[in-house]
Amino acid sequence: MSFRSIVRDVRDSFGSLSRRGFEARLSGHHRGKSQGAVHEVLDQCLVVQDSCWASLPPELLRDVITRLEASESTWPSRKNVVFCAAVCKSWREMCKEIVKSPEFSGKLTFPVSLKQPGPRDGCIQCVIKRDKSALTYHLYLLLVENGKFLLSAKRIRRATCTEYIISTDACNITRSNNTYIGKLRSNFLGTKFVMYDTQPPYNGTASSQPGKISQRFYSRKVSPKVPTGSYNIAQVTYELNVLGTRGPRRMHCVMHSIPASALDAGGTVPGQPENLLPRSLEDSFRSISFAKSSIMDQSMDVSSSHFSDITGGARVANAEDDEAKERPLILRNKAPRWHEQLQCWCLNFRGRVTVASVKNFQLIAAMQPSAGAPTPSQSVPPEHDKVILQFGKVAKDMFTMDYRYPLSAFQAFAICLSSFDTKLACE
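Along each chain, residues carry numbers from 1 onward, in the same order as the chain's sequence is written. Local features in this predicted model are restricted to residues whose pLDDT is 70 or higher, and side-chain atom pairs enter the listing and the counts only when it is 80 or higher, whereas totals over whole chains, interfaces and linings include all residues. In computing side-chain values, all of the structure's heavy atoms are included and hydrogens and water are not.

1. Things to note about the overall build of the protein chain
Thinking step 1. Helix and strand labels come from DSSP, where a helix needs a run of H or I of at least four residues and a strand needs a run of E of at least two; each type is numbered from the N terminus. Helix and strand counts for the protein chain come out as twelve helices and 14 strands.
Thinking step 2. With a 1.4 Å probe rolled over the protein chains alone, any residue whose accessible area is under 20% of its type maximum counts as buried; one over 50% counts as exposed, and the rest are partly exposed. Per-residue burial for the protein chain yields a buried fraction of 41% across its 427 residues.
Thinking step 3. A contact between two residues is defined here by any heavy atoms of the two lying within 4.5 Å. Within the protein chain, residue pairs in contact and separated by at least 24 positions form 61% of the contacts whose partners lie at least 6 positions apart.

2. A closer look at the environment of Ile 388
Thinking step 1. Looking at where Ile 388 falls in the secondary structure, it is placed in the loop between helix H11 (382-385) and strand S13 (389-395).
Thinking step 2. Owing to a relative accessible area of 2%, Ile 388 belongs among the buried residues under this scheme.
Thinking step 3. Separated by 14 residues in sequence, Ile 388 and Asp 402 place their C-alpha atoms 8.1 Å apart.
Thinking step 4. Each residue touching Ile 388, except ones within four places of it in the same chain, is listed here: Leu 263, Leu 331, Leu 363, Ala 365, Asp 402, Tyr 403, Arg 404, Tyr 405, Pro 406 and Leu 407.

3. As for the nonpolar core
Side chains of nonpolar character tend, in soluble globular proteins, to be buried together.
Thinking step 1. Among the buried residues, those of types Ala, Val, Leu, Ile, Met, Phe, Trp, Tyr and Cys that are joined through side-chain atoms within 4.5 Å form a nonpolar core. With 53 residues, the main nonpolar core has Ile 128, Leu 389, Met 401, Phe 413 and Ile 415 as its most contacted residues.
Thinking step 2. Looking at this core, the element that brings in the most residues is helix H12 (residues 409-420), giving nine residues.
Thinking step 3. Ignoring any residue separated from it by four or fewer positions in sequence, one finds Met 401 in contact with Ile 124, Gln 125, Cys 126, Ile 128, Leu 139, Leu 389, Gln 390, Ala 409, Ala 412, Phe 413 and Cys 416.
Thinking step 4. Formed by 17 residues, the second largest nonpolar core is a distinct cluster that contains Leu 56, Cys 84, Trp 91 and Val 112.

4. Here we look at the pattern of salt bridges
Thinking step 1. Whenever Lys or Arg places a side-chain nitrogen within 4 Å of a carboxyl oxygen from Asp or Glu, that contact is recorded as a salt bridge. Taken as a whole and judged by the stated rule, the model has 13 salt bridges.
Thinking step 2. Taking the shortest distance from any N to any O, the salt bridge between Lys 107 and Glu 69 comes out at 3.7 Å. Here the residue Lys 107 occupies a position in the loop between helix H6 (102-105) and strand S1 (124-131), and Glu 69 occupies one in helix H3 (residues 58-71), the gap between them amounting to 38 residues.
Thinking step 3. Note that Arg 352 is salt-bridged to Asp 402, the shortest N-O span being 2.7 Å.

5. Some details on the sheet that holds strand S7 (residues 231-238)
Hydrogen bonds between backbone groups are what pair the strands of a sheet, and the pairing can be parallel or antiparallel.
Thinking step 1. One bridge is not enough; two strands pair if DSSP finds at least two bridges between them. The antiparallel closed barrel is built from twelve strands, whose spatial order is S1-S2-S3-S4-S5-S6-S7-S8-S9-S12-S13-S14. Each neighbouring strand pair of the sheet contributes to a mean axis angle of 20 degrees, computed without reference to strand direction. Axis lines are fitted through C-alpha atoms, for helices just across the contact stretch, and the angle between N-to-C directions can take any value from 0 to 180 degrees.

6. Some remarks on H12
Thinking step 1. A helix is expected to reach a length of 1.5 Å times the quantity of its residues less one. The first and last C-alpha atoms of H12 sit 17 Å apart over twelve residues, in line with the 16 Å expected at 1.5 Å per residue.
Thinking step 2. Counting buried residues along H12, twelve of its twelve residues qualify, which places the element largely inside the surrounding structure.
Thinking step 3. Considered for burial, the residues of H12 that qualify are Ala 409, Phe 410, Gln 411, Ala 412, Phe 413, Ala 414, Ile 415, Cys 416, Leu 417, Ser 418, Ser 419 and Phe 420.

7. Remarks on the pairing of strand S8 (residues 251-259)
Thinking step 1. Pairing of S7 with S8, which is carried by five bridges, proceeds in the antiparallel orientation. Bridging across to S8, Gln 235 finds its partner in Val 254.
Thinking step 2. Bridge analysis of S8 against strand S9 (residues 328-333) gives five bridges, and the strand direction is antiparallel. Residue pairing across strands places Pro 259 opposite Pro 328, the latter belonging to S9.

8. Side note on the pairing of strand S5 (residues 180-186)
Thinking step 1. In terms of burial, S5 is largely enclosed, as six of its seven residues are buried.
Thinking step 2. Here six bridges tie strand S4 (residues 162-167) to S5, and the two strands are oriented antiparallel to one another. The partner of Thr 162 across the bridge, within S5, is Ser 186.
Thinking step 3. Here S5 folds back onto strand S6 (residues 192-197) in antiparallel fashion, the turn holding five residues, of which Gly 190 has a positive phi close to 75 degrees.

9. What about the confidence of the model for the protein chain?
Atom-level detail of predicted coordinates should not be read off regions where pLDDT is low.
Thinking step 1. One number per residue, pLDDT, summarises how confident the predictor is, and it ranges from 0 to 100. Overall, the prediction assigns the protein chain a mean pLDDT of 75, with 63% of residues at 70 or greater.
Thinking step 2. Counted against residues more than four places away or in other chains, residues 17-47, with its pLDDT under 50, gives 17 contacts.
Thinking step 3. Low pLDDT, under 50, characterises residues 279-308; the stretch is placed with 16 contacts to residues that sit more than four places away or in other chains.

10. Section: unusual backbone geometry
Keep in mind that most residues, glycine aside, have a negative phi and that most peptide bonds are trans.
Thinking step 1. Of note, the bond from Trp 75 into Pro 76 is cis; its omega dihedral lies within 30 degrees of zero at 10 degrees.
Thinking step 2. Tracing the chain through its elements places Pro 76 in the loop between H3 and helix H4 (79-85).
Thinking step 3. The peptide bond linking Tyr 405 to Pro 406 adopts the cis configuration, its omega dihedral lying at 10 degrees.
Thinking step 4. Its place among the elements puts Pro 406 in the loop between strand S14 (398-403) and H12.
Thinking step 5. Even without being a glycine, Leu 135 presents a positive backbone phi close to 60 degrees.
Thinking step 6. Relative to the elements of secondary structure, Leu 135 occurs in the loop between S1 and strand S2 (136-141).
Thinking step 7. Among the residues examined, Leu 135 registers a relative accessible area of 25% and is labelled partly exposed.
Thinking step 8. Of note, Asp 397 is a non-glycine position whose phi angle comes to about 60 degrees, a positive value.
Thinking step 9. Turning to its location among the elements, Asp 397 is positioned in the loop between S13 and S14.

11. Observations concerning the environment of Gly 118
Thinking step 1. Note on placement: Gly 118 falls in the loop between H6 and S1.
Thinking step 2. Setting aside its immediate chain neighbours within four residues, Gly 118 contacts Pro 102, Glu 103, Tyr 403, Arg 404, Tyr 405 and Leu 407.

12. Side note on the environment of Phe 349
Thinking step 1. Considering the arrangement of structural elements, one finds Phe 349 in the loop between strand S11 (344-346) and strand S12 (361-365).
Thinking step 2. Using a relative accessible area of 9% as the deciding quantity, one classes Phe 349 as buried.
Thinking step 3. The spacing of Phe 349 and Gln 362 is 13 residues in sequence and 8.2 Å in space, taken between C-alpha atoms.

And the structure:
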């Protein structure tokens, strides 16, 4: 049996599994919703266990997945890798072992790749399409002819702020949908933006907002949707620039979920998610009970504040050392240069941006003073001089977005959305 025929048979088996599940849903339509869902899961499990592909020898399975990973390197053919990961548990575990994250492979394969850091060598090129009438924005992977859809966002205007709801669904972009993964919120002037994620960062105790965990329950459904949190993972700030008297826009991004040490030699981004969507229902309820206990712990800390003041001298010193180690990564826009002949501000986008716009920008890592006295003559590390994110206009309602490590597609998309918003005090 050839390698192509193996992949074809696996896809056919996966299709029969889907059809079997569809028939189970039809047969369980007249029963109760919960009872029908249980029978549907049991029927699908029986199909997987009876499949000949579930008992494939591990050596042969590893060879199949390895060859498939090497041959199907671009979309849309890369969907075969996703099909293999959906066959059964053994296939899924093997795919997780062989298929590397975008940081090392430079490829976006599974949905969780959208919240994992981009490649260290090179960048991932994307395009953003804007629909002014619907107030929506869609992110596509550029390496595909018509674009591989990645993320979408919808702009919602409120009395005192503007929100961008980010989802993995191209059409149903709402917080009530289970494809909601985060949002971006601005202040009234459009100068400060806060990025929220449904999953906590590696230092979630410091970035999460207790008491604002949204528990989305619906009376129309028997089983409630998975409760999700709202965690502050980044903040984007635009400096005040009334009437543009101070030149182009100046922006700073404080990435609370990425430590500054991630750009050092051997540095990594901790706490990378294993799933794009929120955790299972049981784990989510466990996190809610933990949130309640943390509130009780805070009240106990208030009652024992006098004791903490007495014994807190050594802890303050240790906290300062930990803070220096976990200082968040700060990004700033690369300063453009004035072109005398064109009489405008210019940046080298290497052909990726063709239309001049106030929204165009490039982000690099800002130099942060290390512990001790700062040295003005300190040389800039090469990793801090690389463009981590660039965004620019190429046509009407068409923009390019190129990002790399340590940003993820979700974080880069949210930062670019802040450039679309109207800024009353920056133009």
